[in-house]
Amino acid sequence: QKEVEQDPGPLSVPEGAIVSLNCTYSNSAFQYFMWYRQYSRKGPELLMYTYSSGNKEDGRFTAQVDKSSKYISLFIRDSQPSDSATYLCAMSTGNQFYFGTGTSLTVIP
Amino acid sequence: SAVISQKPSRDICQRGTSLTIQCQVDSQVTMMFWYRQQPGQSLTLIATANQGSEATYESGFVIDKFPISRPNLTFSTLTVSNLSPEDSSIYLCSGRTAVNEKLFFGSGTQLSVL
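Residues numbered from 1 in each chain as written. Chains lettered and ligands numbered in written order. Predicted model: local features only at pLDDT ≥ 70, side-chain atom pairs only at ≥ 80, totals over all residues. Heavy atoms only, no water.

Draft legend 1. Representation of the sheet that holds strand β7 (residues 61–66) of chain A. Residues and elements named next belong to chain A. Read across the sheet, five strands follow the order β1-β3-β8-β7-β6 without closing on themselves; strand pairing throughout is antiparallel. Bordering the open sheet on either side are β1 (4–6) and β6 (54–58), each of which pairs with just one other strand. Direction aside, the axes of adjacent strands within the sheet are offset by 20 degrees on average. Where β6 lies against β7, five bridges are found, and the strand directions are antiparallel. The residue of β7 that forms the bridge with Gly-54 is Val-65. (Pairing = 2+ DSSP bridges. Helix = DSSP H or I, 4+ residues; strand = E, 2+ residues; numbered from the N terminus. Axes fitted to C-alpha atoms, helices over the stretch in contact; angles between N-to-C directions.)

Draft legend 2. Expanded view of the state of the cysteines. In total, this model carries two disulfides over all chains according to the counting rule given. The partner cysteine of Cys23(A) in its disulfide is Cys89(A), sulfur to sulfur 2.0 Å. Residues Cys23(A) and Cys89(A) share a disulfide whose torsion about the S-S bond is about -100 degrees; that sign makes it left-handed. With Cys23(A) in strand β3 (residues 19–25) and Cys89(A) in strand β9 (residues 85–92), this residue pair connects regions lying 66 residues apart in the sequence. Taken as a pair, Cys23(A) and Cys89(A) share a single burial class, namely buried. Of the cysteine sulfurs around Cys13(B), a residue in no disulfide, the closest is that of Cys23(B), at 18 Å. Looking at Cys13(B), the relative accessible area reads 7%, which means it is buried. (Disulfide = S-S within 2.5 Å. Buried < 20%, exposed > 50% of the residue type's maximum accessible area, 1.4 Å probe, protein only.)

Draft legend 3. Fine view of the interface of chain A and chain B. Each partner contributes residues to the interface: chain A has 16 residues there, and chain B has 19 residues. Where chain A touches chain B, the interface holds zero salt bridges. Counting across the interface, chain A meets chain B through four residue pairs in polar contact (both at pLDDT 80 or more). Of all elements in the fold, only β4 (32–38), β5 (45–50) and β10 (97–99) of chain A reach the threshold of two or more residues within the side of chain A that touches chain B. Counting residues per element, the side of chain A that touches chain B draws most heavily on β4(A), which supplies three residues. Here the residues of the side of chain A that touches chain B sort into eight nonpolar, six polar and two charged. (Contact = heavy atoms within 4.5 Å. Salt bridge = Lys/Arg side-chain N within 4 Å of Asp/Glu carboxyl O. Polar contact = N/O pair within 3.5 Å; in protein donor to acceptor, adjacent residues only side chain to side chain. Nonpolar A, V, L, I, M, F, W, Y, C, P; charged D, E, K, R; others polar.)

The values reported here are purely geometric and, on their own, carry no functional implication.
What follows is the structure, given as structure tokens:
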């Protein structure tokens, strides 16, 4: 079983839709949870960083962590064509990082 | 956020040659790492670049194939040696300011081996 599981998609939505991206994990030692956005031919850009269960909001982005279910989500409200990218979830024990395989998202104008 | 500059952004190399990738970080970064990203796979840690000493390699990666230098706190290089088509991948430099802190990435190097 992989440490982190992420549906690769691809996911295609119309502009303005709410997008939900999800990851599950198996290691209860994970303390930090992240979402990265990666545009084609670019490095991953840190979008959201949290270390507790619950929700964290930043503009149109909301990161949700449920440690009891070992499940994290990223919600994108009012999605824009510029949100078209691959989204990577990542988790950390503080020392080591584990990444999902990424979900490819396309927002259609 | 930490600033991490990486070059080249992409290169096409012949089988049997080598490619050296450079990474420059700002002074906030104390820990530097090199990752590989292959299509459909999660990021794989190649090694931790240690200042002034040999890098710490992960299982499956060896110094002869992936020599790494870090002569000072803010600069590191990764060389991919004796290239084969299987080395075609994105290579990423990354850094963090301390343990338990966020991990930031450079812009990546897209390597294609013919």
